[in-house]
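# Structural overview
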Amino acid sequence: SVTRSTRRLLSQAGVETLLDFIDDDVPFELVREKETPGSASSSSESSLVCLPYSTEVSAIQSSLGPREYAAALESHVLQMAKESRESGTPSVVCMVMHASVAGTPASAYELEKMLCRLESQGNIKWATAKEVADCVRKRDAKMARPRSPEGDGTDPFVRANSAAA
């Protein structure tokens, strides 16, 4: 779970990207709500970007057979691409492939066919977690507006530029 020390500890360990937030389809940065006197945090820390993790299409969560799992993942990606195109807001689908599930011969066969079909779509961009995180940082830097907290202030982290996300 995220605590007031999470960002500092992860930054010190060299972690820049988290891939386990299930609350949105749009990546975001975690920022401190406010710094307290004597805090170990500093402005030189790198930002911590959170990429969405969809439990709906996680291979480890799937009780579907190989063909049905590949079809569900393809439908999920195509729907997210459609919604992104209509709204003008890019979204991210992290495809989590656990070798014990997605690495079986039948699953690999079905996933390869599905990935080839998705690659032929003109409105889907393939990127690494680092590439997505870099885009999020650039987007937020361009916004260059004060970051205001969301919620009731009990959460030690808030989304950066959430209105634009």
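Residues numbered from 1 in each chain as written. Predicted model: local features only at pLDDT ≥ 70, side-chain atom pairs only at ≥ 80, totals over all residues. Heavy atoms only, no water.

Another point: the overall build of the protein chain. The secondary structure content of the protein chain amounts to five helices and four strands. Going residue by residue from the N terminus, the α and β elements of the protein chain occur as α-β-β-β-α-α-α-α-β. Sequence separation of 24 or more characterises 70% of the internal contacts of the protein chain that already satisfy a separation of 6 or more. With an accessible surface of roughly 9,900 Å², the protein chain has 54% of that area assigned to carbon and sulfur atoms. (Helix = DSSP H or I, 4+ residues; strand = E, 2+ residues; numbered from the N terminus. Contact = heavy atoms within 4.5 Å. Areas by Shrake-Rupley, 256 points an atom, 1.4 Å probe, with all protein chains shown as cover.)

This part takes up the nonpolar core. V57, Y69, A70, L73, V77, A81, A102, L111, M114, L118 and I124 form the largest nonpolar core, which has eleven residues in total. The set of elements that each furnish at least two residues to this core consists of α2 (66–87) and α4 (105–119). It is α2 that provides the largest number of residues to this core, a total of five residues. Residues L51, V92, A133 and V136 belong to the second largest nonpolar core, which totals seven residues. (Core = buried A, V, L, I, M, F, W, Y, C linked by side-chain atoms within 4.5 Å. Buried < 20%, exposed > 50% of the residue type's maximum accessible area, 1.4 Å probe, protein only.)

Relative to the helices and strands, C135 resides in helix α5 (residues 129–143). Each C-alpha atom of the pair C135 and P27 lies 9.6 Å from the other, and the pair is 108 residues apart in sequence.

The next subject is the confidence of the model for the protein chain. When pLDDT is averaged along the protein chain, the result is 76; 74% of the residues meet or exceed 70. Mean pLDDT in the protein chain bottoms out at strand β4 (residues 157–159), which sits at 39, and peaks at α4, which reaches 94. Ignoring residues within four places in sequence, the model shows residues 41–45, a span with pLDDT below 50, making seven contacts including any to other chains. Note that pLDDT drops below 50 for residues 145–165; the model gives that stretch 46 contacts with residues more than four away or on any other chain. (pLDDT = per-residue confidence, 0-100.)

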